[in-house]
Amino acid sequence: MIIKASQRGGASALATHLLNADDNEHIDVHAINGFMADDVYGAFQEIEAISRATSCKQFMFSVSFSPPKDAVVSDQEFETTIEDALECNGLSGQPHVVIFHEKHGRRHAHLVVSRIDTTRMKAINLSFFKDRLMELSRELYIKHGWDMPKGHEDRTLSDPLNYTLEEYQV
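Below: a short report on this structure.

What counts and how
Residues numbered from 1 in each chain as written. Predicted model: local features only at pLDDT ≥ 70, side-chain atom pairs only at ≥ 80, totals over all residues. Heavy atoms only, no water. Helix = DSSP H or I, 4+ residues; strand = E, 2+ residues; numbered from the N terminus. Rg over C-alpha atoms; globule rule 2.2 N^0.38 Å. Buried < 20%, exposed > 50% of the residue type's maximum accessible area, 1.4 Å probe, protein only. Areas by Shrake-Rupley, 256 points an atom, 1.4 Å probe, with all protein chains shown as cover. Lys, Arg positive; Asp, Glu negative; His and termini not counted. Charge placed at Lys NZ, Arg CZ, Asp CG, Glu CD. Phe/Tyr/Trp six-rings, centres within 6.5 Å; stacked < 30°, edge-to-face > 60°. Lys NZ or Arg CZ within 6 Å of the ring centre and 35° of its normal. Patch = residues over 30% accessible without salt bridge, like charges linked within 9 Å, V, L, I, M, F, W, Y side chains within 5 Å. Salt bridge = Lys/Arg side-chain N within 4 Å of Asp/Glu carboxyl O. Polar contact = N/O pair within 3.5 Å; in protein donor to acceptor, adjacent residues only side chain to side chain. Contact = heavy atoms within 4.5 Å. Axes fitted to C-alpha atoms, helices over the stretch in contact; angles between N-to-C directions. Parallel < 35°, antiparallel > 145°, perpendicular 65-115°, else oblique. Left-handed = near helix turned anticlockwise from the far one by under 90°. Nonpolar A, V, L, I, M, F, W, Y, C, P; charged D, E, K, R; others polar. Core = buried A, V, L, I, M, F, W, Y, C linked by side-chain atoms within 4.5 Å.

Quick look at the overall build of the protein chain now. Assigned secondary structure in the protein chain consists of 6 helices and 7 strands. Reading the secondary structure of the protein chain in the N-to-C direction produces β-α-β-α-β-α-β-β-β-β-α-α-α. Taking 170 residues into account, the globule formula puts the C-alpha radius of gyration at 15 Å, and the protein chain, at 17 Å, falls close to it. Principal-axis analysis of the C-alpha atoms places the extent of the protein chain at approximately 45 × 40 × 30 Å. When the 170 residues of the protein chain are sorted by exposure, 40% land in the buried category. Counting every atom, the protein chain has about 10,000 Å² of accessible surface; 50% of that belongs to carbon and sulfur. A gap of 6 Å separates the mean positions of the 17 positive and 26 negative side-chain charges of the protein chain.

Next up, the structure:
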């Protein structure tokens with residue numbers, strides 16, 4: 001399962017993007033956990049409002065989970081993977097939203113988590129989150145026997161348009 005993530009702001013824009021029915025055949029708001037609001041826009045606005053008491057500009061952690069083309073992944077497997085992603089990044093127990101999309105017949109999931117620790121009123125540091133999620137992704141490919149993308153086997157093969165620092169400095 002390819003797992004991509006970013007730290008971001010823009011609560012309303014992200015909610016609009018995730019609920020865009022023009023780009024997705026099916027949208028299922030699977031979970032809204034830890035919020036007063038019971039809708040995506042309200043939950044994201046809560047994250048943004050709380051972040052204003054901090055200096056954090058990228059107050060959300062947005063993660064997408066895309067299984068291989070022919071893989072069928074159950075809700076339970078997505079939920080377990082989401083919990084693993086939260087745990088490996090120190091975000092267990094944080095308020096979050098889970099949305100399932102189906103696009104061109106392929107089902108995938110989105111997770112949006114508040115980075116704000118409300119007991120300390122500070123953003124949770126997410127250093128090395130890409131490495132942590134890459135390791136989780138590799139584990140899923142091995143566990144399920146899926147064909148692993150070349151970029152997961154060797155990071156230098158992940159994008160033929162990438163070039164090294166040495167090549168850049170020439």
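Time to look at the packing of aromatic side chains. In the structure shown here, the tally under the stated rule is 3 aromatic pairs. Note on Phe-61 and Phe-129: the rings are 5.1 Å apart at their centroids and 85° apart in plane angle, and the pair reads as edge-to-face. Of this pair, Phe-61 sits in strand S3 (residues 60-66) while Phe-129 is found in helix H4 (residues 129-144), placing the two residues 68 residues apart along the sequence. Here Phe-61 and Phe-129 have matching classes, each one buried. Between Tyr-141 and Trp-146, the ring centres sit 5.6 Å apart and the planes meet at 80°, which makes this aromatic pair edge-to-face. Among the residues examined, Tyr-141 registers a relative accessible area of 4% and is labelled buried. Judged by its relative accessible area of 18%, Trp-146 falls in the buried class. Taking the ring centre of Phe-100 as reference, the NZ or CZ of Arg-107 above it sits at 4.1 Å.

So, about a negative patch on the surface. Residues Glu-79, Glu-83, Asp-84, Glu-87 and Glu-139 make up a contiguous surface patch of negative charge. A total of 4 residues in the negative patch trace back to one element, the largest contributor, which is helix H3 (residues 75-88). Of note, Asp-84 is situated in helix H3.

Assignment of secondary structure puts Ser-114 in strand S5 (residues 106-114). Residue Ser-114 is classed as buried on the basis of its relative accessible area of 5%. Only 3.2 Å separates the side chain of Ser-114 from the backbone nitrogen of Ile-116, close enough to count as a polar contact. Look past the residues within four positions of Ser-114 in its chain and what remains in contact with it is Ile-47, Phe-59, Leu-91, Gln-94 and Pro-95.

The subject of this paragraph is the packing of H3 against H4. Running from amino to carboxyl end, H3 crosses H4 at an angle of 150°, the nearest separation of the two axes being 10 Å. Relative to H4, H3 is oriented roughly antiparallel. Relative to H4, the crossing made by H3 is right-handed. Counted together, Glu-77, Thr-81, Asp-84, Ala-85 and Cys-88 of H3 and Arg-132, Leu-133, Leu-136, Leu-140, Lys-143 and His-144 of H4 form the full contact between these two elements. A per-class count over the contact of H3 with H4 returns 5 nonpolar, 2 polar and 4 charged.

Met-1, Ile-3, Phe-61, Val-63, Phe-65, Leu-111 and Leu-133 are the most contacted members of the largest nonpolar core, which totals 26 residues. Mapped by element, the contributors of at least two residues to this core are strand S1 (2-8), S3, H3, strand S4 (96-103), S5 and H4. Among the elements that line this core, the one with the most residues is H4, at 5 residues. Those residues in contact with Ile-3 that sit more than four places away from it in its chain are Val-63, Ser-64, Phe-65, Thr-81, Leu-133, Leu-136, Ser-137 and Leu-140. Formed by 16 residues, the second largest nonpolar core is a distinct cluster that contains Ala-11, Leu-14, Leu-18 and Phe-35.

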